[in-house]
Amino acid sequence: MLTLLHAALAAPPTNGAGVIDIGSGTIDRLAWSSDREVVVGRDRASGTGFVVEIDSWRVHTLDPCGVTSVTTVPFQSILEIYAGCDDGRIFLYELDDEVLTQPEDLDGNPIYWQLQDSSGQDVQDPIPGLFWNLESTNAVLLAYQQGSATSYVHAIDLNTGNMDADVYSNWPALASGTGWVDGEIDQSSLYMVHADRYTTIVGLTTGIVSFAPLVSGGLLYGIDDITPGNGRLWVTDTDLDAVFSYQPLQGTFGTPFLGMVSAPQTLARSSTTGDEWMIVAGDTTAVYGMTGATFTNVATPSWTDPAPLYQVVDLLAGPDYTFGGTTTGELQVFSARPWVDEVSIAPGTGEPGTPITLSFRVSEPADWSVWLNGDRTGTGASLGVGTTTTDDQVVTVQLQANDNWLEGENLIYVVAAGDNLIKGHARASFTIDTPPEPPVLAESALGFASGGLTLSFDGIEDADLDHYLVYVSETAFAPEDYATGGPTPPEGLDAPITVDAEPGARTTLTISPLTNGVTYYVAVRSVDSGGQESSMSNVVSGVPEDAYGASHFAGETGGGPCATGPSGGPLALGLALLGVVARRSRGAALLGLLGSASALAADDGERRSTGDMTKQSGDFEIRYGPFLKLDDTAITDVYGKTGHEMLQVEFGPQITRLFEIDFEVGFYQELAYAQSTGGTASSQRTMLTWYPLGLSGSARLHLVDEQMFVPFARLGMDYVYFAELTDNGAGGKDKLSGAKIGHHYSLGVNFLLDTVSPGRASLLEAQTGINDTYLTVEWRRQNIDARKAPWASAVDDGFDLSGSMLTMGLKLDY
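Conventions adopted
- Residues numbered from 1 in each chain as written.
- Predicted model: local features only at pLDDT ≥ 70, side-chain atom pairs only at ≥ 80, totals over all residues.
- Heavy atoms only, no water.
- Core = buried A, V, L, I, M, F, W, Y, C linked by side-chain atoms within 4.5 Å.
- Buried < 20%, exposed > 50% of the residue type's maximum accessible area, 1.4 Å probe, protein only.
- Helix = DSSP H or I, 4+ residues; strand = E, 2+ residues; numbered from the N terminus.
- Contact = heavy atoms within 4.5 Å.
- Polar contact = N/O pair within 3.5 Å; in protein donor to acceptor, adjacent residues only side chain to side chain.
- Phe/Tyr/Trp six-rings, centres within 6.5 Å; stacked < 30°, edge-to-face > 60°.
- Patch = residues over 30% accessible without salt bridge, like charges linked within 9 Å, V, L, I, M, F, W, Y side chains within 5 Å.
- Areas by Shrake-Rupley, 256 points an atom, 1.4 Å probe, with all protein chains shown as cover.
- Salt bridge = Lys/Arg side-chain N within 4 Å of Asp/Glu carboxyl O.
- Disulfide = S-S within 2.5 Å.
- Lys, Arg positive; Asp, Glu negative; His and termini not counted.
- Pairing = 2+ DSSP bridges.
- Axes fitted to C-alpha atoms, helices over the stretch in contact; angles between N-to-C directions.

1. Some thoughts on the nonpolar core
Right, on to step 1. Residues L455, V470, I511 and V522 are the most contacted members of the largest nonpolar core, which totals 26 residues.
Right, on to step 2. For this core, the elements supplying multiple residues, two or more each, are β41 (446–449), β42 (452–457), β43 (465–473), β44 (497–500), β45 (507–511) and β46 (520–528).
Right, on to step 3. Those residues in contact with V470 that sit more than four places away from it in its chain are L455, A495, P496, I497, V499, L509, I511, V522, A523 and V524.
Right, on to step 4. Core analysis: the next-biggest nonpolar cluster, separate from the first, contains 22 residues, I356, V414, A428 and I432 among them.

This is how it looks when you write it as structure tokens:
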């Protein structure tokens, strides 16, 4: 029952339904996609290929080269299309969701394969035949390349890119004849017919190539077109004006069928079981019924094109539509279905509630229906029904978009069913373009800066959002004051300001130049890709004013006891790099060193002799930790009361193990927002950096070798170079720098790690000379201000870099 129903729905053509304009020359080399939803071919005059989607009747052009053949290979939801060229190249295209693209390689060049001969030399001969090997485990593309003297059959593994011998042994394979006529795949074999009356036969599973001459009983046949069917080829021969069957593997020929409506030039056979027919074209196109290998009636076809408008030279038969390539650039459509065309819709874009006029022509009396966002068989939401009573009747339908229509493109299908209930179709589209919503501006959306304001807000989620328009005014206004447009901007400001947008993304922009002390009012509109504008957002206000770093509030003027300090030298650069690591890792460098020390101290079961093997002469120490208290309230007010951390490195000679002298370098950096004189944070960034240098002496209560805990006390002098960078209203940064001197003292303890694994410690000493490895913890108090000498009294002038800190780290004695 299902077979009969399928056959009924795939009835043979009964009319020349319609025409699709392709180009200007002969349309040939027609091929199907495997689902019969896409037709491909080429326009001989322009040397271009084409792709026709049956659902939409949309035509795409392939123009990578002089196109000589086209085929398709399905790949998941993407249809891959391959175009063979007249220079031996094969180019790849992809059709996905009705969008045709040409994939590129990593260098941005279109992907293609260049065919080569058996010696590996490029062969720049045309490729008139391309076929997808359905029998192969992998996706294999077969290409026939026609040379002036030698012709080849090539294979390309589309999964791996391997070619010829890497797919089938001893390929590329020689073809049997010269001159190209046609090629078809049927029952695990590819048959290619040549002008010199030979057939090349390729076994698709084996890759074995054989040949068959077109000779029977002394009669030399000439073939002009072939179509496959159940182990045989059906062919036309214009020398005999006949159609006959041909079995290449057996080398047998059926009795020629003569006396057709017109001399046959091209033919195509139904591929639907239980619905056997053949369409044959010459001067006239006709459909003949078939039973097995026999025409039901050659003299009287079941349908004849009553008034042929075009000469058809290539045919492609399908269950719904049959296509014929003409000599003048048209793709003739034959079908038992009504043909629906001349579809127009006005307007093509609007909002819900927009009145729409849809018109179309139906080729024959039929029941028509209009569907929203369904498919070409008549599904989706019904928009209307009716009936045409005459041929080529034009129908006009009034529609109205409502809230059920989708934002964006809506597909409108017109489906017409004739007396045989078989449906023809056409398609139009209407785009719903609803204005987007405006963003919502929080009261804190405007941050102030010197000579400007910073606007920041959450983006809207509209899928086709394109950009925002930012309106600025010195006069207060309400959103309802402007149904469209906006207020006059301040003098010197180019507004509205256009800001590119992504759906849902937060947007931040600086509005400048503005005048300090003046109140400005700001609102925003959203604009989508169709140019639709939202209503105006709520209005927020802000006042630009100067913003300052901590140096301003501390009365710091820069300079110092020793001019500029080390800001431009290699030492400062090295410290800066060290500081970046410290800030980003927040102690990761220190933990890494501790991990290394622990690895060295991993217990290997060995014992260490008491006492160091080598004399100690120096030390290296790295520590990291927070300030427990910073004395300068200007710094803590701007940069926060917590989070201030210092990285310190010390190194120097040990006079004895009871006393050592150390040179010290360090790094400190904090980032914050500059503040107004009233203490309000602005949108301008400010950054404070210190580069401390020091010289200190340490007394250590280190009495015996391998002493587990070594207390120590330290006293030293400090020189600290500092710099503060603050954003300014001109888009740059203002810098203030200087130096301070002072002193420090500290107390701490060293914990010996060697006792964890004495054997490893001994090995480390033998290999590197490192006597002892310590975990060190230190409390430190520094007094650094504007004094003229470290031992002088404190001076309350500008920055006071004094405070106490607690650091820990790693100490190596060597």
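2. Quick word on the environment of S119
Right, on to step 1. Relative to the helices and strands, S119 resides in the loop between β10 (112–114) and β11 (129–133).
Right, on to step 2. Measuring from C-alpha to C-alpha, the distance between S119 and P172 comes to 9.7 Å, with 53 residues separating the pair along the chain.
Right, on to step 3. Side-chain polar atoms of S119 contact the side chain of D117, separated by 2.7 Å.

3. Structural notes on the packing of aromatic side chains
Right, on to step 1. Using the criterion set out here, one finds 31 aromatic pairs in the structure.
Right, on to step 2. Ring centres of Y168 and W171 lie 4.8 Å apart, and the angle between their planes is 50 degrees; on these two criteria the pair is classed as tilted.
Right, on to step 3. The class for Y168 is buried, based on a relative accessible area of 10%.
Right, on to step 4. Taking 6.2 Å as the distance between ring centres and 35 degrees as the angle between the ring planes, the aromatic pair formed by F651 and F663 counts as tilted. Separated by twelve residues along the polypeptide, F651 in strand β49 (residues 645–656) and F663 in strand β50 (residues 659–675) bring together distant segments of the chain.
Right, on to step 5. F651 sits in the partly exposed class, given a relative accessible area of 35%.
Right, on to step 6. Its relative accessible area of 44% is what places F663 among the partly exposed residues.

4. Overview of a nonpolar patch on the surface
Right, on to step 1. On the surface, a cluster of nonpolar side chains totalling about 970 Å² of accessible area is made up of L628, M708, F709, L715, Y745, L747, V749, V777, W779, L806 and M808.
Right, on to step 2. Of all the secondary-structure elements, those providing two or more residues to the nonpolar patch are β52 (709–727), β53 (733–752), β54 (772–785) and β55 (803–813).
Right, on to step 3. Element by element, the count of residues in the nonpolar patch is highest for β53, at three residues.

5. Examining the environment of A281
Right, on to step 1. Turning to its location among the elements, A281 is positioned in strand β26 (residues 277–281).
Right, on to step 2. Between the C-alpha atom of A281 and that of C85, which follows or precedes it by 196 residues, the distance is 28 Å.
Right, on to step 3. Not counting residues within four places of it along the chain, the set of residues in contact with A281 comprises A263, P264, Q265, T266, V312 and L315.

6. Some thoughts on the state of the cysteines
Right, on to step 1. Evaluated as defined, the whole model comprises one disulfide.
Right, on to step 2. Disulfide pairing is shown between C65 and C85; the S-S distance is 1.7 Å. An S-S torsion of about -70 degrees defines the bridge between C65 and C85 as left-handed. Taken together, the residues C65 in the loop between β5 (58–62) and β6 (67–75) and C85 in strand β7 (residues 78–85) connect sequence positions 20 residues apart.

7. A short note on the side chain of D462
Right, on to step 1. With respect to the helices and strands, the residue D462 is situated in the loop between β42 and β43.
Right, on to step 2. Buried charge without a partner: D462 forms no salt bridge, and the closest opposite charge is R525, 14 Å away.
Right, on to step 3. Side-chain polar atoms of D462 contact the backbone nitrogen of D464, separated by 3.1 Å.

8. Some thoughts on the sheet that holds strand β3 (residues 38–43)
Hydrogen bonds along the backbone pair up the strands of a sheet, which may run parallel or antiparallel.
Right, on to step 1. As summarised here, the arrangement of the four strands in space is β2-β3-β4-β5, forming an open sheet in which the pairing is antiparallel. On the outer flanks of this sheet lie β2 (27–32) and β5, each paired with one strand and no other. For this sheet the average axis-to-axis angle between neighbouring strands, irrespective of direction, equals 25 degrees.
Right, on to step 2. Examined bridge by bridge, β2 and β3 share four bridges and lie antiparallel to one another. When the sheet's bridge partners are listed, I27 is paired in β3 with D43.

9. Concerning the sheet that holds strand β33 (residues 340–346)
Right, on to step 1. Spatially, β33-β35-β38 is the arrangement adopted by the three strands of the open sheet, whose pairing is antiparallel. Each end of this open sheet is capped by a strand with a single partner; those strands are β33 and β38 (393–400). Strand-to-strand twist across the sheet, computed as the mean angle between neighbouring axes with direction ignored, equals 15 degrees.
Right, on to step 2. In terms of strand pairing, strand β35 (residues 355–362) meets β38 through eight bridges, oriented antiparallel. Of the residues in β38, the one forming a bridge with F360 is V395.

10. Section: the pattern of salt bridges
Right, on to step 1. Within the structure shown, the criterion is met by 35 salt bridges.
Right, on to step 2. One salt bridge in this structure joins R376 and E37, with 2.5 Å as the shortest N-O distance. Of this pair, R376 sits in the loop between β36 (366–372) and β37 (381–388) while E37 sits in the loop between β2 and β3, and the two are 339 residues apart along the sequence.
Right, on to step 3. Residue R376 is classed as buried on the basis of its relative accessible area of 12%.
Right, on to step 4. A relative accessible area of 27% places E37 in the partly exposed class.
Right, on to step 5. Across the salt bridge formed by E650 and R714, the nearest N and O atoms sit 3.0 Å from each other.

11. A few points about the pairing of strand β21 (residues 225–229)
Right, on to step 1. For β21, the buried fraction is high: four of the five residues fall into the buried class.
Right, on to step 2. In this structure, β21 lies alongside strand β22 (residues 232–237), joined through five bridges in antiparallel fashion. Bridged to T227 within β22 is W234.

12. Focus: unusual backbone geometry
Apart from glycine, the bulk of residues carry a negative phi angle, and the bulk of peptide bonds sit in the trans form.
Right, on to step 1. With an omega of 5 degrees, the peptide bond between W171 and P172 qualifies as cis.
Right, on to step 2. In this structure, the amide linkage connecting A346 to the following residue, P347, adopts the cis form with an omega of -10 degrees.
Right, on to step 3. Here P347 lies in the loop between β33 and β34 (349–350).
Right, on to step 4. Phi angles above zero are rare outside glycine, and D97 is one such case at about 55 degrees.
Right, on to step 5. Within the secondary structure, D97 is located in the loop between β8 (89–96) and β9 (99–101).
Right, on to step 6. On the basis of relative accessible area, D97 is assigned to the exposed category, the value being 68%.
Right, on to step 7. The backbone of E706 shows a phi angle near 60 degrees, a positive value even though the residue is not glycine.

Structural measurements only, silent on function.
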